[in-house]
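Chain and residue survey
Take a look at the letters that make up each chain.
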Amino acid sequence: MIKTVIKRDGREESFDMLKLSHWAEWASEKLKIDWYSIVNTALLKCENKCTTVDLQHAMIEACVVDNASTQHQLMGGRLLIGDYYHKLYGGVDSIPSVRQQHTRLVNDGVVENLTCYSNDDWEFFNTIINHSKDLTLKHTQVEQLVGKYSLRDKDGAKETPQFLFMRQALWYASKLNGDKREHVKNIYELLSNEVVCAPTPDHLYVGTTKGCSPSCVVVRGEDNLPSLSAMMQAVWSASANGSGIGGSLETRANGDPVRNGAFKHNGKLEYYRSLMDMARANQQSGRAGAITMHYTCLDPEVETIARMKNPTTVQEKRLGLMDYSFGANTVFADAVKNNKEWMLVSTLYAPELYELLYQPDKELFKKEYEKVRNDTSIPKTITTARKVLFSVLRESVETRQYEHFTDEMNRNTPFKDKIYSSNLCQEIALPTKSFNKGVEDLFNPESEGEIATCNLMGINVATINLDDTLYEKACYYSLLMIMLKIKHGSYPFPSMKNTSINRMNAGVSIISLAHLMAKQGLKYSSLFGKKLIHRVAETHSYFLHKAALKIGKEYGNAKWIDRTKYPDGWFPVDSRNKFVENISYQPLKRDWESLRKEIVANKGIAFSVLETSVPSESSSMAQDATNSLYPIRGGVITKKDASRTVQWVAPEWETLGDNYELAWDIDSKHITDMYAIVQGFTGQGISADYWMTHSTKDGRVSVSGKRLISEWLYRQSVGMKSRYYINHKTGGVYTENNEQENGCSSGGCTL
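The following paragraphs examine the structure supplied in this document. (Residues numbered from 1 in each chain as written. Predicted model: local features only at pLDDT ≥ 70, side-chain atom pairs only at ≥ 80, totals over all residues. Heavy atoms only, no water.)

For the rest of this paragraph, the subject is the overall build of the protein. The helix and strand tally for the protein stands at 29 helices and 28 strands. What you see for the protein is a C-alpha radius of gyration of 26 Å, in line with the 27 Å of a compact globule of 751 residues. If you line up the protein on its principal axes, its C-alpha atoms span 90 × 65 × 55 Å. Counting over 751 residues, the protein shows a buried share of 62%. The contacts in the protein between residues at least 6 apart in sequence include a share of 76% that link residues at least 24 apart. Total accessible area computed for the protein in this model is approximately 27800 Å², and 49% of it derives from carbon and sulfur atoms. Distance from the positive charge centre (90 side chains) to the negative charge centre (89 side chains) of the protein: 2 Å. (Helix = DSSP H or I, 4+ residues; strand = E, 2+ residues; numbered from the N terminus. Rg over C-alpha atoms; globule rule 2.2 N^0.38 Å. Buried < 20%, exposed > 50% of the residue type's maximum accessible area, 1.4 Å probe, protein only. Contact = heavy atoms within 4.5 Å. Areas by Shrake-Rupley, 256 points an atom, 1.4 Å probe, with all protein chains shown as cover. Lys, Arg positive; Asp, Glu negative; His and termini not counted. Charge placed at Lys NZ, Arg CZ, Asp CG, Glu CD.)

The structure is reproduced here in structure tokens:
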């Protein structure tokens, strides 16, 4: 029995059951929860002379660990936010004003001092911030927003959710033209009302003295020492800056001659090892940086690279702490389909063939392929396309391999420059160019090399719920925020800053699609569900282009807009895979032709690219949303990252549970159809997850090779650009081949 408790300041006092009961009663108000049982459960978890903090956490645990419902999550959220109010401000009645909070953070040297606002402005901001919204957040949301996203020091968090949103709104508006009060109000409300979803780096760094770094970074290296050294430096610096990294490295294969045959090349293994170490050298929030390297169907080392993550691979050839993405084109797919032979050849002997991988003209590639194959002076290995593909797909299931389609990335794109790879999470498709003059060239703003960067935002389609006015507003402000992050971002190299600002690459994603589908009573696997997905994807792309045109008129077009197809009036829907039209049988609903004429008249838009689709695992917890485009895995899920375990309950699970379609119950073809529809309106790519339920054999995942290959061929045929994780459930047990939280060093390329 508890007789004495220890207060936060260390004082002992008699335990007052009435205080605890009042606290529980307040937290359960209007939730229809038996708060008395929560109190009793909490008391059983604590001993005499426990701290008041222990009691508080015991009540929270009784809500969100011992129970699994939305109502208990809400009660746990109130208890937790109340604890933060008490710790940070002395109680709910002592919350500082917006100006007081800002001044405190300025004095602590944490945020930029915003001198553009008048006394009247600060008073206005007090009228729009609404701390009562904090009391409507689930426990999972409070954990994410305060425990992970808020500014913090050695003593812990320095802000609660509404101040977190207001900090970002104040900084963004301070850099914008026009009515700053209106901008603050709009941005704050879009963030706090869970309409616009910001990536982790925004919450951590927007408005701070550090500044915001690009969410995603993609680098390119080639077969010369200056390029390799520059790539190593770029990877190390991007990781230190908190970005997720993707890379491609075109070097000689193992055994190729070096210096006219003076010795033999060791292949990619040691370069990959060094890149892995460079990425992982910098740890943030307990997580190492991460990189995905991209290789192709022509590489003589293809099967070796595919097995680098496999624990049965000999230690000296195993690189398990890096991810890999296999690239192929339509000619390779045709060879797989027809069970034809396939040639593996080094880039040393066939540089032009390798370059032709990254363009959409099938006949050009075939002509060069046959030329190289018939050249008896060129060393090569002849195998079968199916053998190559199966070696990769087998590892996709057993360990982890991603995939990308090199020709499609360069066909359905706004860019005229060549795209060589995707990023860490496989949703980015941007031009890169190696730095062939070495490390010093990274510091030259006029360098011909290019490190691709992309800044992200998400739009919660379930919150918008088909409201065009709100969707248009969300697109406009999402792009404005991305514009400011690019122009005022933190870059490790002048060349990177220059190309980022010249390109203006945006990646705005659809999130919480599963929740919207459930609200509308539709399934991913149904024709009407696919029609809704088509409608949402078209709306997303249309309003982003409309907003990008408006911003172009207000702030100017991207400097390198002439290196895109936008001055000619291109839209993603113009070059989408035509097969997609036979998936949803849904005609276009928007007035694309009028918008096209406006964009041509304006000679382009403010950005080089607009759409992508990223994982939003982190934001699904912060926004009470579902993850990205994905169907849910279950109504109640325990989610883990490097430092915490939280329980997530699907939005409106108790009322919409029967409307949700679980990922495990949806055939992969329907999942591919969904991605293909969205890809048709997306300038970049999709971080496309899959879910497999199957048996095990001798403790290993057992899945048909025929199934893996046929599904790969279907993905290629409908115009997908990439594939990310394959998640498994064997014998009823879910193996999370995952988690996106373990990817980027700062959650950079996820939302």
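This is not the end of the story, as more comes after the structure.
Spatial strand order, β2-β1-β3: three strands in an open sheet with mixed pairing. The sheet terminates laterally at β2 (12–14) and β3 (50–51), the two strands that pair on one side only. (Pairing = 2+ DSSP bridges.)

A separate point is the pattern of salt bridges. With the rule as written, the count across this model stands at 46 salt bridges. E355 is paired through a salt bridge with R220; the nearest N and O atoms lie 4.0 Å apart. Of this pair, E355 sits in helix α15 (residues 351–357) while R220 sits in strand β7 (residues 216–221), and the two are 135 residues apart along the sequence. Take E355: its relative accessible area is 24%, and that puts it in the partly exposed class. Assessed through its relative accessible area of 4%, R220 is described here as buried. Note that E711 is salt-bridged to R707, the shortest N-O span being 3.0 Å. (Salt bridge = Lys/Arg side-chain N within 4 Å of Asp/Glu carboxyl O.)

For strand β22 (residues 645–649), the buried fraction is high: four of the five residues fall into the buried class. Taken together, the five bridges between strand β21 (residues 636–640) and β22 define a ladder with antiparallel strand orientation. For K640, the partnering residue across the bridge sits in β22 and is T645.

Two elements in contact, helix α23 (residues 527–555) and helix α25 (residues 592–601), have axes separated by 11 Å at closest approach and are oriented at 25°. Between α23 and α25, the angle falls in the class roughly parallel. When you trace α23 past α25, the crossing you get is left-handed. In this structure, α23 uses E538, S541, Y542, H545, K546, L549 and K553 to contact α25, whose residues at the interface are W592, L595, E598 and I599. (Axes fitted to C-alpha atoms, helices over the stretch in contact; angles between N-to-C directions. Parallel < 35°, antiparallel > 145°, perpendicular 65-115°, else oblique. Left-handed = near helix turned anticlockwise from the far one by under 90°.)

This part takes up the side chain of D83. Following the sequence through the fold, D83 ends up in helix α4 (residues 70–89). Those residues in contact with D83, other than ones at most four positions away along the chain, are R8, W23, Q56 and H57.

Another aspect to go through is the state of the cysteines. Counted under the stated rule, the structure contains zero disulfides. Here C197 is not disulfide-linked; the sulfur of C212 is the nearest cysteine sulfur, at 13 Å. Under the relative-accessibility criterion, C197 is labelled buried at 2%. (Disulfide = S-S within 2.5 Å.)

What follows is about the layout of surface pockets. Computed from the structure, the largest pocket encloses a volume of approximately 590 Å³. Every residue lining the largest pocket is counted, 23 residues in all, and those nearest its centre are K7, W23, T52, Q56 and H86. Contributing elements (two or more residues each) for the lining of the largest pocket: β2, α1 (17–27), α3 (52–64) and α4. Taken together, the residues that form the lining of the largest pocket break down as nine nonpolar, six polar and eight charged. (1 Å grid on protein atoms, 1.4 Å probe; cavity = no way out; pocket = protein on both sides within 12 Å on 5 of 7 lines; lining within 4 Å. Points joined across faces, edges and corners; volume = space filled by probe spheres on them. Nonpolar A, V, L, I, M, F, W, Y, C, P; charged D, E, K, R; others polar.)

On to the packing of aromatic side chains, then. For any two aromatic rings, the description comes down to two numbers: the centre-to-centre distance and the angle of the planes. All told, the structure shown has 32 aromatic pairs when counted by the stated rule. Between W653 and Y660 the ring centres are 5.8 Å apart and the planes differ by 40°, which places this aromatic pair in the tilted class. The class of Y660 is buried, set by a relative accessible area of 7%. A network of ring pairs unites the aromatic residues Y295, F326, F332, W342, F365, Y369, F405 and W712 as a single cluster. For K210, the ring lying beneath its charged end belongs to Y205, and the centroid distance is 4.3 Å. If you follow R715 out to its NZ or CZ, it ends over the ring of Y690, 5.1 Å from the centre. (Phe/Tyr/Trp six-rings, centres within 6.5 Å; stacked < 30°, edge-to-face > 60°. Lys NZ or Arg CZ within 6 Å of the ring centre and 35° of its normal.)

Okay, the packing of α3 against α4 next. It is at 8 Å that the axes of α3 and α4 come closest, and there the two elements cross at 160°. With respect to each other, α3 and α4 are oriented roughly antiparallel. Crossing of α3 against α4: the hand is left-handed. Facing Q56, H57, M59, I60, C63 and V64 of α3, the residues of α4 in contact are H72, Q73, M75, G76, L79, L80 and D83. Each residue belonging to the contact of α3 with α4 can be placed in one class, and the counts come to seven nonpolar, five polar and one charged.

Here the focus is the environment of G635. Take G635: it is sitting in the loop between α26 (617–622) and β21. Under the relative-accessibility criterion, G635 is labelled buried at 7%. Sequence-wise, G635 and P651 are 16 residues apart; in three dimensions their C-alpha atoms are separated by 8.5 Å. Aside from chain neighbours lying at most four places away, what touches G635 is W648, V649, A650 and W653.

Here we take up the nonpolar core. Across soluble globular proteins, nonpolar side chains show a tendency to be buried alongside one another. Within the largest apolar cluster, 217 residues are counted, with the highest numbers of intra-cluster contacts made by F332, W342, F607 and Y675. In contact with F607, other than residues within four places in its own chain, are L479, I482, M483, R503, M504, A506, A548, I551, A558, I561 and Y566. Listed in part, the 17 residues of the second largest apolar core include C197, I428, C454 and V609. (Core = buried A, V, L, I, M, F, W, Y, C linked by side-chain atoms within 4.5 Å.)

Note on placement: R394 falls in helix α17 (residues 385–398). A relative accessible area of 27% places R394 in the partly exposed class. As for R394 and T52, which are separated by 342 residues in sequence, their C-alpha atoms are 53 Å apart.

Let us now look at the pairing of strand β13 (residues 291–296). Among the six residues of β13, six are classified as buried, and the element is accordingly described as predominantly covered. Burial along β13 is two-sided: the residues I291, M293 and Y295 and T292, H294 and T296 are all buried. As paired strands, β13 and strand β14 (residues 323–328) are joined by five bridges and run parallel to one another. From the neighbouring strand, M293 faces β14, where its bridge partner is Y324.

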